[in-house]
Amino acid sequence: MLVDIRKESFNAYREILSYQESQNFSGEYGATASFVGSMRDFNEDRKVTSMTLEHYPGMTEKHLNAIAREATEKWRLLDVLILHRIGKVTIGEDIVVVASWSAHRKEAFESCRSMMEQLKSSAPFWKKESTTSGSKWVEKNTPGI
Amino acid sequence: MQVSIKYFASLRELIGEASVTIDIEENTTVHDLWMEIIRRKNIEFDNVMMTVNMEYVKSERQLIAGDEVAFFPPVTGG
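Rules used throughout
Residues numbered from 1 in each chain as written. Chains lettered and ligands numbered in written order. Predicted model: local features only at pLDDT ≥ 70, side-chain atom pairs only at ≥ 80, totals over all residues. Heavy atoms only, no water. Helix = DSSP H or I, 4+ residues; strand = E, 2+ residues; numbered from the N terminus. Contact = heavy atoms within 4.5 Å. Areas by Shrake-Rupley, 256 points an atom, 1.4 Å probe, with all protein chains shown as cover. Lys, Arg positive; Asp, Glu negative; His and termini not counted. Charge placed at Lys NZ, Arg CZ, Asp CG, Glu CD. Buried area = accessible area lost by both parts, 1.4 Å probe. Polar contact = N/O pair within 3.5 Å; in protein donor to acceptor, adjacent residues only side chain to side chain. Pairing = 2+ DSSP bridges. Axes fitted to C-alpha atoms, helices over the stretch in contact; angles between N-to-C directions. Core = buried A, V, L, I, M, F, W, Y, C linked by side-chain atoms within 4.5 Å. Buried < 20%, exposed > 50% of the residue type's maximum accessible area, 1.4 Å probe, protein only.

Would you explain the overall build of chain B in this entry?
Scanning chain B for helices and strands turns up two helices and five strands. Counting helices and strands in the order they occur from the N terminus, chain B gives β-α-β-α-β-β-β. When its C-alpha atoms are laid out on the principal axes, chain B stretches across 35 × 25 × 20 Å. Look at the contacts in chain B between residues 6 or more apart in sequence, and 56% of them connect residues 24 or more apart. Carbon together with sulfur atoms contributes 44% to the accessible area of chain B, which is approximately 4200 Å² in total. Placing the 7 positive and 13 negative side-chain charges of chain B at their respective mean positions leaves the two points 3 Å apart.

Quick question: what am I supposed to make of the interface of chain A and chain B here?
A common way to state how big an interface is: give the accessible area lost once the parts meet. Listed as interface residues are 27 residues of chain A and, on the opposing side, 21 residues of chain B. Approximately 1800 Å² of surface area, both sides summed, lies buried where chain A meets chain B, with 58% of it carried by carbon and sulfur atoms. Across the chain A-chain B interface, the total number found is 14 residue pairs in polar contact (both at pLDDT 80 or more). Breaking the side of chain A that touches chain B down by element, the ones donating at least two residues are β4 (46-55), α2 (59-74), β7 (94-102), α3 (105-122) and β8 (125-131) of chain A. Examining the composition of the side of chain A that touches chain B, we find that five residues originate from one element, α3 of chain A, more than from any other.

In this structure, what is going on with the sheet that holds strand β2 (residues 19-23) of chain B? I would like to understand it.
Backbone hydrogen bonds are what pair the strands of a sheet, in a parallel or an antiparallel way. Residues and elements named next belong to chain B. Strand order in the open sheet formed by five strands is β2-β1-β5-β3-β4, with mixed pairing between adjacent strands. Either end of the sheet is taken by a strand with one partner, and the two such strands are β2 and β4 (55-56). Pairing between strand β3 (residues 49-52) and β4: two bridges, direction antiparallel. Paired with Val52 across the strands is Glu55, a residue of β4. On the sheet, helix α2 (residues 30-41) packs against β1 (2-7), β2, β3 and β5 (68-72) and is oriented at approximately 60° with respect to β5.

Could you clarify how one ought to interpret the nonpolar core in this entry?
If you look at soluble globular proteins, the nonpolar side chains tend to sit buried side by side. Counting 28 residues, the largest nonpolar core has Leu64, Ile82, Ile95, Val98, Met115, Leu119 and Phe125 of chain A as its most contacted members. The biggest single contributor to this core is α3 of chain A, with five residues. Setting aside residues no more than four positions away along its own chain, Met115 of chain A makes contact with Ile67, Ala68, Ala71, Val80, Ile82, Val98, Ala99 and Ser100 of chain A. Core analysis: the second largest hydrophobic core is formed by 21 residues, Trp34, Val48, Val57 and Leu63 of chain B among them.

Right under this line is the structure:
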């Protein structure tokens, strides 16, 4: 299980591959589900140029670890990966990746979706968008279900 | 007794500080503390989220000395 908060830009797909290879469990999993969230250049009809992600040091790490651990208790999973950016994020950069590995697709799909929705609704991160006309805190996330 | 308070995101900007340690009465709840903060700072803030020692709590949770309380707006990560 890997949970990490990153100040530096990362490529979600390289991170999934790199973690998968480092775990040396090839042959054990038959299903990998992943969600990647990346930065758009628009939100609610506003042109966004960049954004800054704030978090609650200590609590955010603890909360993401709890989400990952609970998923491994609820579903039969081989492994779980959660990475999230903080700091200044520019257009096209990856913000979040959630991935899970299991023997069959049901556990992988369900756990990945559940972890992502929990992260969205309760992990302490806040986005502030910069636009050509100033900056603004994002007030709420769009519903995912 | 003393507790520490942290504010995040738009609430931190509205209040003008990120953290503070204050004295409160015994049996103060998180709700009591929040009411006192918005009264003292003369602010309005909807949908505040509250944690104690980095766990979400109900507003009736009673505080004890040394607690770390945090108030913040709805989370928007991911």
